[in-house]
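Each chain is listed here by its residues.
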Amino acid sequence: MKDIFILGIESSCDETSAAVVVNGRKVLSNIIASQIDLHAEYGGVVPEIASRKHVELIIPVIDTALKEAGITLEDVDAIAVTYGPGLVGALLVGVTAAKAVAAALDKPLIKVHHIEGHIAANYISHPKLKPPYIGLIASGGHSHIVHVKDYLDIEILGMTRDDAAGEVFDKIARVLGLGYPGGPVIDKQAKLGNRKAVRFPRVNFPGGSYDFSFSGLKTAVINHVNQARQKGEELNIPDICASFQQAVVDVLVDHTLKAAKNLNVNKIVLAGGVAANSLLRETLKSKAQKIGMEALYPTPVLCTDNAAMIASAGYYSFLNDDFADLTLNAVPSLVIGEGRK
Ligand code: KG4
Ligand code: ZN
């Protein structure tokens, strides 16, 4: 079969990204223009600023991705774009650019769910990976446990009932004055602290639910910090970071392993921005190994938002002839599996 070149486009949050991926697995280019510095002074992503910046960056980023891949738009077999979930104004920039390219060159258009993109990052990092497996996707906007039965057949087993894991990392970092995004800096601070210093809560729901809840943990950490400040005590930032991180990781890992055991699936795949967390990676790998399971995760650059993962996910829709038309719109609260052929 002929090699399939897919141009991926991602603009759902604060990264403008374009990539060229061959046959869903081989990355020829993956250009990521991050807006993190622009949003850092506000302590989080400002939607209006994100949309404007995407408009400025999208064409140069696509151009650079093609140039770096050594191809032209004529060589592209299809354009895959994130159409949800995400910030509506941000998503629309990528969707509109993808539709314009598809219309101008008469190329097929593929719509990709952002989370399915995160999962697909593993097909790039692990070229032999095939479904079925259990996926844990933890990012700034989502915390899901899924059963990936086949490339395009994904069942949600559990999800957060309130805050996403990454969102809590970001909020705690803000309370501690550590800046944005919170995940990488808490990860670093935690290495210097004692993870048993403070016992923060871990929430489990009855009835075998795989769902998460992180808002109680967030409140407990904030209360701990406020009480210490009121008493004039000096905060031990590394200890708080290590204890908080341990609480998040315990819950993420326990629920994922429980799902894998119950469904008799021995492969676990980690994805999303929080998948870059060093304790989560180590803990999942070692606990999985102990019970004869394999845990895989993408290289760090493929954990956070990027277009290579979108092109990879799009390849499996391409093989299934699942194409979008030019009426494609952004869907800010798109559900996994929704809108499939
Ligand atoms: O997947 P992503 O780039 O964007 C969304 O789709 O949300 O994830 C960003 C999130 C942020 O909340 C960030 O704090 C978190 O991923 N993150 C981490 C780490 N690196 C990024 N969380 C924990 N540990 C990390 N090392
Ligand atoms: Zn993401």
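Higher on the page you've got the structure.
A word on the coordination of the zinc ion (ligand 2). Protein coordination of the zinc ion (ligand 2) is provided by His114 (NE2), His118 (NE2) and Asp305 (OD), with donor distances spanning 2.0 to 2.1 Å. Read N to C, the donor residues that coordinate the zinc ion (ligand 2) are spaced as H-x3-H-x186-D. Separated by 4 residues within a single helix, His114 and His118 lie in helix H4 (residues 114-125), roughly one turn from each other.

Right, let's talk about the packing of aromatic side chains for a bit. Tallied over the full model, the rule gives 8 aromatic pairs. Each ring, one from Tyr123 and one from Tyr133, has its centre 6.4 Å from the other, and the planes form 65°; the classification is edge-to-face. Here Tyr133 lies in strand E6 (residues 133-138) and Tyr123 lies in helix H4, a separation of 10 residues in the sequence. For the pair Tyr123 and Tyr133, one class covers both residues: buried. An angle of 20° between the planes, with centres 5.7 Å apart, marks the rings of Phe212 and Phe214 as stacked. Look at Phe212 and you get buried, because its relative accessible area is 0%. With relative accessibility at 2%, the residue Phe214 sits in the buried group. Here a set of aromatic residues connected by ring pairs shows up, and it is made of Tyr123, Tyr133, Tyr151, Tyr315 and Tyr316. The ring of Phe205 carries the charged tip of Arg161 above its face, separated from the ring centre by 3.7 Å.

A side chain with one charge may pair with a side chain of the opposite charge, provided their charged atoms come close. Counted under the stated rule, the structure contains 14 salt bridges. Taking the shortest distance from any N to any O, the salt bridge between Arg52 and Glu48 comes out at 3.1 Å. Of the two residues, Arg52 and Glu48 both sit in helix H2 (residues 47-69), 4 residues apart, roughly one turn of that helix. Glu48 gets classed as partly exposed once you look at its relative accessible area, which sits at 47%.

What counts as what
Residues numbered from 1 in each chain as written. Chains lettered and ligands numbered in written order. Predicted model: local features only at pLDDT ≥ 70, side-chain atom pairs only at ≥ 80, totals over all residues. Heavy atoms only, no water. Donors = N, O, S within 2.8 Å, 3.2 Å for Na, K, Ca; no water. Helix = DSSP H or I, 4+ residues; strand = E, 2+ residues; numbered from the N terminus. Phe/Tyr/Trp six-rings, centres within 6.5 Å; stacked < 30°, edge-to-face > 60°. Buried < 20%, exposed > 50% of the residue type's maximum accessible area, 1.4 Å probe, protein only. Lys NZ or Arg CZ within 6 Å of the ring centre and 35° of its normal. Salt bridge = Lys/Arg side-chain N within 4 Å of Asp/Glu carboxyl O.

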